[in-house]
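In case you want the letters, here they are:
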Number of protein chains: 2
Amino acid sequence: MPWNLNNDRPIYLQIMERIQKDIVSGVYPPGSRIPSVRELALEAAVNPNTMQKALSELERCGLVYSLRTSGRFITEDESLLKQTRMQLASGHIRDFFHHMEQLGFTHEEILEFIKETEGGGK
Amino acid sequence: MPWNLNNDRPIYLQIMERIQKDIVSGVYPPGSRIPSVRELALEAAVNPNTMQKALSELERCGLVYSLRTSGRFITEDESLLKQTRMQLASGHIRDFFHHMEQLGFTHEEILEFIKETEGGGK
DNA sequence: ATGATTGTATTATATAGATAATACACTTAT
DNA sequence: ATAAGTGTATTATCTATATAATACAATCAT
């Protein structure tokens, strides 16, 4: 999976959110070890310091913890994982409706819009 | 309407998108004059240079044009306005589904999620 | 023991974004 | 004519990001 980093937002934030999604969606299972800072930085074609900053953010949220000399691991607190996943989803729904209403669409129009998008995966 | 500017994204971009929405949703009617750079900067509690940069972006898109000494005006090209509005809407829908799928939700789960959000305005 | 790998910290440099303070040429209203 | 208000441009300064190049103590495999 490519990392798709833009430059209209801080890179460390984009990385943080990307890994956050991989965590709460189960790409990195609870308790499992994630690649080292240097490995991830190499994979994302980013400076190790930037990756470090992104990972520090995830620690602040409690999603990962570090054992200093053996690596970083995903939390085993599965309720936190599910809770975070639902919070992110709710946020996206809220933001989506907010954006659409700012564009002047009514609730009905938004639902109609979604129906039409039915088959439009990708 | 407050401007609600974050600092996790360039301010001039947030301003640009905000005004863009006001334009395509009709808050600023086609052909009408928008407040001066200095007025808008004051209203948004932002430096005039920053507001200038945001407005320049909108000119690049053709949504506004400036008469140099008399002010800035909304385009009369209503088809461009409608087209831009629909493009923005499509983008939001696409991004929304993309985010939700990255969180591991299926298309059906997403639709179910939206139904439950039915009454949840605000 | 040794060497490689861990997270973490430090220092320096470069760039983008934002603010501040002006300045200019040109309308418009008075 | 004069004064105020347009968009636009310039210069300087400050901060946040990002990169680069190291460094260190602790673990782990060998």
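This text gives an overview of the structure that appears in the document.

Focus on the protein's contact with DNA strand D
Now for step 1: Near DNA strand D, the surroundings consist of 20 residues, among which A:Ile11, A:Asn47, A:Thr50, A:Thr69 and B:Ser36 are the closest.
Now for step 2: Within the residue set of the surface near DNA strand D, elements represented by two or more residues are helix H1 (11-24) and helix H3 (48-60) of chain A together with helix H2 (37-43) and helix H3 (48-60) of chain B.
Now for step 3: Partitioning the surface near DNA strand D into residue classes produces 5 nonpolar, 11 polar and 4 charged.

Section: the relation of the copies chain A and chain B
Copies of the same chain, two in number, are related to each other by a rotation about an axis and a translation along it.
Now for step 1: Superposition of chain A onto chain B requires a rotation of 180° combined with a translation of 0.0 Å along the rotation axis, giving an RMSD of 0.1 Å. Seen this way, the second copy is the image of the first under a two-fold rotation axis. Using C-alpha coordinates, one finds that chain A approaches the rotation axis most closely at A:Arg9, a distance of 2.8 Å.
Now for step 2: Taken as a fraction of all interface residues of chain A, those also at the interface in chain B reach 100%, which identifies the copy contact as same-surface.

Examining the sheet that holds strand E2 (residues 64-66) of chain B
All names here are of chain B.
Now for step 1: Spatial strand order, E1-E3-E2: 3 strands in an open sheet with antiparallel pairing. Of all strands in the sheet, those with a lone pairing partner are strand E1 (33-34) and E2, marking the two edges.
Now for step 2: When E1 meets strand E3 (residues 72-74), the two strands line up antiparallel, connected through 2 bridges. Across the sheet, Arg33 pairs through a bridge with Phe73, a residue of E3.
Now for step 3: In the packing of H3 onto the sheet, the strands contacted are E2 and E3, and the crossing angle to E2 comes to about 110°.

Thresholds applied
- Residues numbered from 1 in each chain as written.
- Chains lettered and ligands numbered in written order.
- Predicted model: local features only at pLDDT ≥ 70, side-chain atom pairs only at ≥ 80, totals over all residues.
- Near = placed C-beta within 6 Å.
- Helix = DSSP H or I, 4+ residues; strand = E, 2+ residues; numbered from the N terminus.
- Nonpolar A, V, L, I, M, F, W, Y, C, P; charged D, E, K, R; others polar.
- Least-squares fit on C-alpha atoms with pLDDT ≥ 70 in both.
- Contact = placed C-beta atoms within 7 Å.
- Pairing = 2+ DSSP bridges.
- Axes fitted to C-alpha atoms, helices over the stretch in contact; angles between N-to-C directions.

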